[in-house]
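# Tertiary structure, described
Spelled out, the chains give:
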Amino acid sequence: MIYFKRNLLFLLFLSFIIISCKSKTEKKSSTETEEFSVDQQSVKKIDIHAHYNYERDYLPALFNKWNMQGILVDVSIADSVGVNRNWNEYVVHAKAQPDLFFLCSSLIGNGIDELDFAEKQIERLKVEIKEGARMVKVWKNFGMVTKDTSGKFIQIDDERLKPIWNFLKERNIPVMSHIGEPIQAWRPLDDPNNPHYPYYNDAPEYHAYKHPEIPTYETIITARDNWIANNPELKILGAHLGSMSHDVSMVAERLDKFPNFYVEAAARFGDLVGQDSEKVKAFFEKYQDRIMFGTDYGNYTSQQSISSEELKLEEQNLDADFLRLWGYVATKDSIVERGQKNIGLGLPVKILNKFYYQNAADFLKLEQ
Ligand SMILES: [Zn+2]
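Described below are features of the structure shown in this document. Only a predicted model underlies this, so the values are computations on that prediction, with no experimental measurement involved. (Residues numbered from 1 in each chain as written. Predicted model: local features only at pLDDT ≥ 70, side-chain atom pairs only at ≥ 80, totals over all residues. Heavy atoms only, no water.)

## Overview of the packing of aromatic side chains
This structure, assessed with the given rule, holds 19 aromatic pairs. Aromatic pair Trp186 and Tyr217: ring centres 5.4 Å apart, planes at 65°, arrangement edge-to-face. Of this pair, Trp186 sits in the loop between strand 7 (175-177) and helix 7 (197-202) while Tyr217 sits in helix 8 (residues 217-230), placing them 31 residues apart in sequence. Look at Tyr217 and you get buried, because its relative accessible area is 4%. In textbook terms, an aromatic cluster arises when at least three aromatic residues are bridged by ring pairs, as seen for Phe283, Phe284, Tyr287, Phe293, Trp326, Phe355 and Tyr356. The ring of Tyr206 has Lys140 lying over it, and the distance from NZ or CZ to the ring centre is 4.0 Å. Stacked on the ring of Tyr262, the Lys or Arg Arg290 has its end atom at 5.5 Å from the ring centre. (Phe/Tyr/Trp six-rings, centres within 6.5 Å; stacked < 30°, edge-to-face > 60°. Helix = DSSP H or I, 4+ residues; strand = E, 2+ residues; numbered from the N terminus. Buried < 20%, exposed > 50% of the residue type's maximum accessible area, 1.4 Å probe, protein only. Lys NZ or Arg CZ within 6 Å of the ring centre and 35° of its normal.)

## Brief notes about the nonpolar core
The biggest cluster of nonpolar side chains holds 95 residues, and the ones touching the most others in it are Tyr52, Ile164, Trp165, Leu168 and Phe283. Core analysis: the next-biggest nonpolar cluster, separate from the first, contains 18 residues, Ile46, Phe102, Tyr357 and Ala360 among them. (Core = buried A, V, L, I, M, F, W, Y, C linked by side-chain atoms within 4.5 Å.)

## Focus: the packing of helix 4 (residues 117-130) against helix 6 (residues 162-171)
The N-to-C vectors of helix 4 and helix 6 enclose an angle of 30°; their axes lie 9 Å apart at closest approach. If you check the angle between helix 4 and helix 6, you find them roughly parallel. As for how helix 4 packs across helix 6, the hand of that crossing is right-handed. Where helix 4 approaches helix 6, its residues Phe117, Ala118, Gln121, Ile122, Leu125, Lys126 and Ile129 are matched on the opposing element by Pro163, Ile164, Phe167, Leu168 and Arg171. Grouping the constituent residues of the contact of helix 4 with helix 6 by class yields 9 nonpolar, 1 polar and 2 charged. (Axes fitted to C-alpha atoms, helices over the stretch in contact; angles between N-to-C directions. Parallel < 35°, antiparallel > 145°, perpendicular 65-115°, else oblique. Left-handed = near helix turned anticlockwise from the far one by under 90°. Contact = heavy atoms within 4.5 Å. Nonpolar A, V, L, I, M, F, W, Y, C, P; charged D, E, K, R; others polar.)

## A word on the side chain of Arg254
When you line up the elements, Arg254 lands in helix 10 (residues 248-257). Classification of Arg254 as buried rests on a relative accessible area of 11%. What Arg254 contacts, discounting residues up to four positions off in sequence, is Ile221, Arg224, Asp225, Met244 and Phe261.

## Overview of helix 8
Helical periodicity: at 3.6 residues per turn, an α-helix aligns residues three or four positions apart in one direction. Between its terminal C-alpha atoms helix 8 stretches 20 Å, which fits the 20 Å expected from 14 residues at 1.5 Å a residue. Those residues of helix 8 lying buried are Tyr217, Ile220, Ile221, Ala223, Arg224, Asp225, Trp227 and Ile228. (Expected span 1.5 Å × (residues − 1).)

## A short note on the packing of helix 10 against helix 12 (residues 277-286)
Helix 12 packs onto helix 10 with a crossing angle of 15° between their chain directions and a minimal axis gap of 10 Å. Taken together, the axis directions place helix 10 and helix 12 in an arrangement best described as roughly parallel. The chirality of how helix 10 crosses helix 12 is left-handed. Judged by residue contacts, Val248, Ser249, Val251, Ala252, Leu255 and Asp256 of helix 10 engage Lys279, Phe283 and Lys286 from helix 12. A breakdown of the residues in the contact of helix 10 with helix 12 according to their chemical character gives 5 nonpolar, 1 polar and 3 charged.

## Points about the pattern of salt bridges
Evaluated as defined, the whole model comprises 20 salt bridges. With a closest N to O distance of 2.7 Å, Asp319 and Lys65 form a salt bridge. One end of the pair, Asp319, is in helix 13 (residues 308-330); the other, Lys65, is in helix 2 (residues 59-65), and 254 residues separate them in sequence. Residue Lys65 is classed as partly exposed on the basis of its relative accessible area of 44%. The salt bridge involving Asp113 is made with Arg160; its shortest N-O contact spans 2.8 Å. (Salt bridge = Lys/Arg side-chain N within 4 Å of Asp/Glu carboxyl O.)

By themselves these figures say nothing about function.
So, in structure tokens, the structure goes:
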């Protein structure tokens, strides 16, 4: 009996040692994950700004690897023939991959002078909300491209759009706003290391510096700010850091002023890398409930139209892009993004979870 009791005591002692050792190692690893080496798979992610028009055999596995879902963001662009959209492709893709993708519809100002413009748009949006739209995107053609019949560029705070905002407020549908362009669009682009050099080289029609008829950056941003202020119950997500990506202080000013304003960072990581990492880190810390992850990545051709080698390369590039962006926000490693060099932000896991997932899930009211 005594022998048994001794054995029992010994066993208890042994298990105490094991438990205390275990808790020590657990404690150590959780301290480490506060700052560095967070497992990129354990952080859930939503890419709130994606453009995957077509299915890819590799996408489900790649998105699962990154623990990621995406919002397929439609854009309305007009040419001489009419308005072009990708809505139908996105609906097909989201239906085929309902665990991966959600939908965002879009709005353009063409036809704004017609008396039933707002009514017609609302009817269309009702249908698209039924089809799954959780957000509506307005693009830079408001402010920079589309004119009304009087020849004036239509700004986003135009009174004729008001019934549409009221409808979206009632339905609790937020708006993604890509209004204006980065400030560099209004400046000469001589430096190939400018993060926006390749884009304006490819799309000179949006390089406002060369088109003096396009309203100024200040005019467009002021109209955008008026619109946010005039619709305090409408939730607005400023795409591309609200077109103020060159200076996080300008973004901070708007986030302070407008409680209904949020931002996402798609295609503007180069501008962030170009700023002081301590300043950007403080920005992410202060506004940790208002900044979301977005990429602007996507595809524009069907899988059948590209070779298996191209497909493999596409997958590898996408994986490398996700890893590079992760490296910037989650580690303090060196990074080169769009010609800009710096070290990463090394954000704590609590902020990474909000930036990559929770803020978008709350904003779009996604089932979790
Ligand atoms: Zn986009």
